[in-house]
Amino acid sequence: MRNDRFHSILGLAKKAGKLVSGSYSVEKYLKTRKVFLVVIAEDFSKRSSEKFIKLCEDKKVPYLVYSNKRDLGRAIGREIVGIIAITDEGFMKLLKEAAKGENYGGE
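Residues numbered from 1 in each chain as written. Predicted model: local features only at pLDDT ≥ 70, side-chain atom pairs only at ≥ 80, totals over all residues. Heavy atoms only, no water.

Participant: Residue-level account of the sheet that holds strand β2 (residues 37–40), with values.
Facilitator: The strand order β1-β4-β2-β3 describes an open sheet built from four strands, whose pairing is mixed. The open sheet has two edge strands, β1 (19–21) and β3 (63–65), and neither has a second partner. The average undirected angle you get between the axes of adjacent strands in this sheet is 15°. Where β1 and strand β4 (residues 83–86) come together, three bridges link them in antiparallel fashion. Bridging from a neighbouring strand, Leu19 pairs with Ile86 of β4. Strand contacts of helix α1 (residues 4–15): β1, β2, β3 and β4, with the helix running at about 100° to β1, the strand carrying the most contacts. (Pairing = 2+ DSSP bridges. Helix = DSSP H or I, 4+ residues; strand = E, 2+ residues; numbered from the N terminus. Axes fitted to C-alpha atoms, helices over the stretch in contact; angles between N-to-C directions. Contact = heavy atoms within 4.5 Å.)

Structure, rendered in structure tokens:
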């Protein structure tokens, strides 16, 4: 994994029940609930990435294009995950800090 701290924080957020994963769940949360950050895997499909980036921009939700599907999935106890929504402001701040200096967007 590229950034162990980032992935460890994702695992903690999962255990705390402060994230949702997968396209359907993330889209539903973005449309109906408070989301503080969206993490999109670098190898997520281009079409899906563009869709979620637009949705984040429309909803004024910051996003990171970060890591890959396998590492994101492994961090939260799944095989592969292309997209994750963080539903807690504290975890959002920790993840943004861990990703600082890396390539990310949405700010």
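Participant: Go over the packing of aromatic side chains, please, and point to the residues and values.
Facilitator: Throughout the structure, instances matching the rule amount to two aromatic pairs. When the centroid spacing of 6.3 Å and the interplanar angle of 45° are considered together, the rings of Phe44 and Phe52 count as tilted. Under the relative-accessibility criterion, Phe44 is labelled buried at 14%. Taking the relative accessible area as the measure of exposure, Phe52 reaches 1% and is therefore buried. (Phe/Tyr/Trp six-rings, centres within 6.5 Å; stacked < 30°, edge-to-face > 60°. Buried < 20%, exposed > 50% of the residue type's maximum accessible area, 1.4 Å probe, protein only.)

Participant: I'd love a proper account of the UniProt feature "domain: Ribosomal protein eL8/eL30/eS12/Gadd45" (unreviewed entry) in the protein, names of residues and values included.
Facilitator: Listed under "domain: Ribosomal protein eL8/eL30/eS12/Gadd45" (unreviewed entry) in the UniProt record, and renumbered for this structure, are residues 6–94. Regarding residues 6–94, the helix share stands at 53% and the strand share at 16%, and the terminal C-alpha atoms are separated by 8 Å. (UniProt positions renumbered as here; feature names shortened; annotations may be inferred.)

Participant: Please set out helix α5 (residues 89–99) residue by residue, giving values where relevant.
Facilitator: The α-helix winds at 3.6 residues per turn, so residues separated by three or four positions along the chain end up facing the same way. Three or more residues of α5 are buried, namely Phe91, Met92, Leu95, Lys96, Ala98 and Ala99. Down the axis of α5, the smallest arc covering the buried residues is 160°, so these residues share one side. Structurally, the start of α5 carries an N-cap: the backbone nitrogen of Gly90 is 3.0 Å from a side-chain oxygen of Asp88. (Arc of directions from axis to C-beta. Polar contact = N/O pair within 3.5 Å; in protein donor to acceptor, adjacent residues only side chain to side chain.)

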